[in-house]
Amino acid sequence: MDEWDPENADPSQQVGARHHTVPAFYLRKFANSQNQLWVRDRRSPAPGLRKESDLAIRDFYTFQNIHGEPDGRMEQALQKIEGSAASALRRVASSVTWGRPITPEDKTDLCIFVAFQHVRGLRQRREIELMSDFYVRVMRLNDPVGAGRREAAAYRDMLRDFRTLEVTSHPNEHVSLLGKLAEPLSDHLLQRPLTVMQLTDAALLTCDEPVVTFDDGEATPDPVIPQARRRTRSRRRQGQRAIRQTRNLIQVQSTRNRGWARVDEIVIPVGRRTLLVFSHPAVPRPSHLWMPPEESQEAAKEVNERMLAQAYFMAFAHPDDRHLLADPLPEVGPLYRLGGVHPEQARVAGAAPSHLRPELFGRR
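Residues numbered from 1 in each chain as written. Predicted model: local features only at pLDDT ≥ 70, side-chain atom pairs only at ≥ 80, totals over all residues. Heavy atoms only, no water.

Turning next to helix H3 (residues 104–119). For H3, spanning 16 residues, the distance from its first C-alpha to its last is 23 Å, which sits close to the expected 22 Å at 1.5 Å a residue. For H3, the buried fraction is high: 12 of the 16 residues fall into the buried class. Taken together, the buried positions of H3 are Asp-106, Lys-107, Asp-109, Leu-110, Cys-111, Phe-113, Val-114, Ala-115, Phe-116, Gln-117, His-118 and Val-119. (Helix = DSSP H or I, 4+ residues; strand = E, 2+ residues; numbered from the N terminus. Expected span 1.5 Å × (residues − 1). Buried < 20%, exposed > 50% of the residue type's maximum accessible area, 1.4 Å probe, protein only.)

Burial analysis of strand S7 (residues 194–199) places six of its six residues in the buried class, the great majority of the element. Judged by which residues are buried, S7 turns out to be covered on both faces: Leu-194, Val-196 and Gln-198 on one side and Thr-195, Met-197 and Leu-199 on the other are all buried. With five bridges connecting them, S7 and strand S16 (residues 274–278) associate as antiparallel partners. The residue of S16 that forms the bridge with Gln-198 is Thr-274. (Pairing = 2+ DSSP bridges.)

Turning next to the packing of aromatic side chains. Enumeration according to the criterion identifies five aromatic pairs in this entry. Pairing Tyr-26 with Phe-30 gives two aromatic rings, centres 5.5 Å apart and planes at 55°, and the pair type is tilted. Neither residue differs from the other here; Tyr-26 and Phe-30 are each classed as buried. If you follow Arg-125 out to its NZ or CZ, it ends over the ring of Phe-60, 3.8 Å from the centre. Lying across the ring of Phe-214, Arg-306 places its NZ or CZ 4.7 Å from the centre. (Phe/Tyr/Trp six-rings, centres within 6.5 Å; stacked < 30°, edge-to-face > 60°. Lys NZ or Arg CZ within 6 Å of the ring centre and 35° of its normal.)

With the rule as written, the count across this model stands at 13 salt bridges. We note a salt bridge from Arg-43 to Asp-41, for which the minimum N-O separation is 3.0 Å. For Arg-58, the salt bridge identified is with Asp-59, shortest N-O distance 3.8 Å. Since its relative accessible area comes to 6%, Asp-59 is described here as buried. It is possible to trace a salt-bridge network through shared partners that takes in Asp-41, Arg-43 and Arg-50. (Salt bridge = Lys/Arg side-chain N within 4 Å of Asp/Glu carboxyl O.)

Next up on the list: the pairing of strand S18 (residues 314–317). Looking along a regular strand, one sees side chains alternate from face to face of the sheet. Covered by surrounding structure in S18 are Met-314 and Phe-316 together with Ala-315 and Ala-317, the residues of both alternating faces. With four bridges joining them, strand S2 (residues 36–41) and S18 adopt antiparallel strand pairing. Bridging across to S18, Asp-41 finds its partner in Met-314.

Here we come to the nonpolar core. In a soluble, globular protein the nonpolar side chains are often hidden away together inside. Core analysis: the largest hydrophobic core is formed by 59 residues, its most contacted members being Tyr-26, Leu-37, Leu-110, Phe-113, Val-114, Ile-268 and Leu-276. Per-element tally for this core: the top contributor is helix H2 (residues 73–93), with eight residues. Setting aside its immediate chain neighbours within four residues, Tyr-26 contacts Phe-113, Thr-206, Pro-210, Ile-268, Pro-269 and Val-270. With 24 residues, the next largest nonpolar core counts Val-212, Leu-275, Ala-299 and Ala-300 among its residues. (Core = buried A, V, L, I, M, F, W, Y, C linked by side-chain atoms within 4.5 Å. Contact = heavy atoms within 4.5 Å.)

Peptide bonds are, in most cases, trans, and in most cases residues other than glycine have a negative phi. A positive phi angle, near 70°, is found at Gln-14, a position not held by glycine. Mapped onto the fold, Gln-14 is located in the segment before strand S1 (18–19). Even without glycine at this site, Asn-35 takes up a positive phi of about 60°. Position of Asn-35 relative to the elements: it lies in the loop between helix H1 (24–27) and S2.

On to the packing of H2 against H3. At a closest axis distance of 8 Å, the pairing of H2 and H3 adopts a crossing angle of 130°. As summarised for this structure, H2 and H3 are arranged oblique, according to the angle between their axes. Crossing of H2 over H3 shows left-handed handedness. On H3, the residues that touch Leu-78, Ile-81, Ser-84, Ala-85, Ala-88, Leu-89, Arg-91 and Val-92 of H2 are Asp-106, Asp-109, Leu-110, Ile-112, Phe-113 and Phe-116. Of the residues belonging to the contact of H2 with H3, the class tally is 10 nonpolar, one polar and three charged. (Axes fitted to C-alpha atoms, helices over the stretch in contact; angles between N-to-C directions. Parallel < 35°, antiparallel > 145°, perpendicular 65-115°, else oblique. Left-handed = near helix turned anticlockwise from the far one by under 90°. Nonpolar A, V, L, I, M, F, W, Y, C, P; charged D, E, K, R; others polar.)

Spatial ordering of the open sheet is given by S9-S15-S16-S7-S17, a layout of five strands whose pairing is mixed. Single-partner strands in this sheet number two, and they are strand S9 (212–214) and strand S17 (288–291). Pairwise comparison of adjacent strand axes, ignoring direction, gives a mean angle of 30° for this sheet. Sheet analysis places strand S15 (residues 265–271) next to S16, joined by five bridges and oriented antiparallel. Counted as the bridge partner of Ile-266 is Phe-278 from S16. Across the sheet, H3 lies against S7, S15 and S16, angled at about 90° from S16, the strand it touches most.

This brings us to the side chain of Glu-209. By the element assignment, Glu-209 lies in the loop between strand S8 (206–207) and S9. Side chain to side chain, Glu-209 and Arg-256 meet in a polar contact 2.8 Å long. Sequence-distant contacts of Glu-209, that is, excluding residues within four places in its chain, are made with His-118, Gly-121, Leu-122, Arg-123, Gln-124, Arg-256, Met-307, Gln-310 and Tyr-312. (Polar contact = N/O pair within 3.5 Å; in protein donor to acceptor, adjacent residues only side chain to side chain.)

Right, dumping it as structure tokens:
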């Protein structure tokens, strides 16, 4: 990616603009000549044609800076990432340069793009909100330190209705984590062989969470740790008993997929018949691969099923491929699972969220 100085960038640029959580250049690869896509939106009763310019959210990446002002530099940074990835993608997937080795620079730009795409969407923001809500629940629902049984019971009674409320983090929380979350993911992708796969006889769709994984063990979720508490010993000091502390180890596990380090393949469709596949480091693969018709159809079926299952709000297809979005999107289940907690807390986390839309800058 080209060098860019955020310190000297104008923070007012892109404030008030419509931001794509799935880049416009990416959506156009599934659009017709009028930049229209066939869109299945779970908030609408039926699919329909929509322009890629309409599939954006005002101020989604705008944040409040330390001066208390709206700041658009995250959207500017994402535009730089997208521009570099678009150029790299043209080179690696072009029929003119097909088969040439992928340069380290192009691979780096694509890895950064895929890593940011994995963490920049509405689902990730909603996950962060729900985890923040749970953190507050844990802090509030623990018994008061040093309180007796009667005081602890009164405290729980006071909080009995707390579960009807929800604590929502500011959009700044998500925006501030984008770089921290994406950096280790891009480093991991760089260690994997990258293959550009061209399907000869099949059509692909995509969605608002277009990075999917494949692994033989993904059919069953990883187990979570049981509840366990570790109490420190109380000691008498100067005639007083020190307060006994309780330490809990809590595990938070996303339901989206397994961690990237454990899966066999990380896949993103980048066109109606083009896939980027990051294979397991131990599996050598060529940089470019043409798939025969039968294999193309099988691969498209698997990827499209995973895309539909992972779609958060929307799935997209080329208008000529409307049959791929004939059925409604599957319901969204729980966004994360908890281990090491009380069964009631695990039940709260294990339920589907009451609403899917996350907090937006300046409005709900």
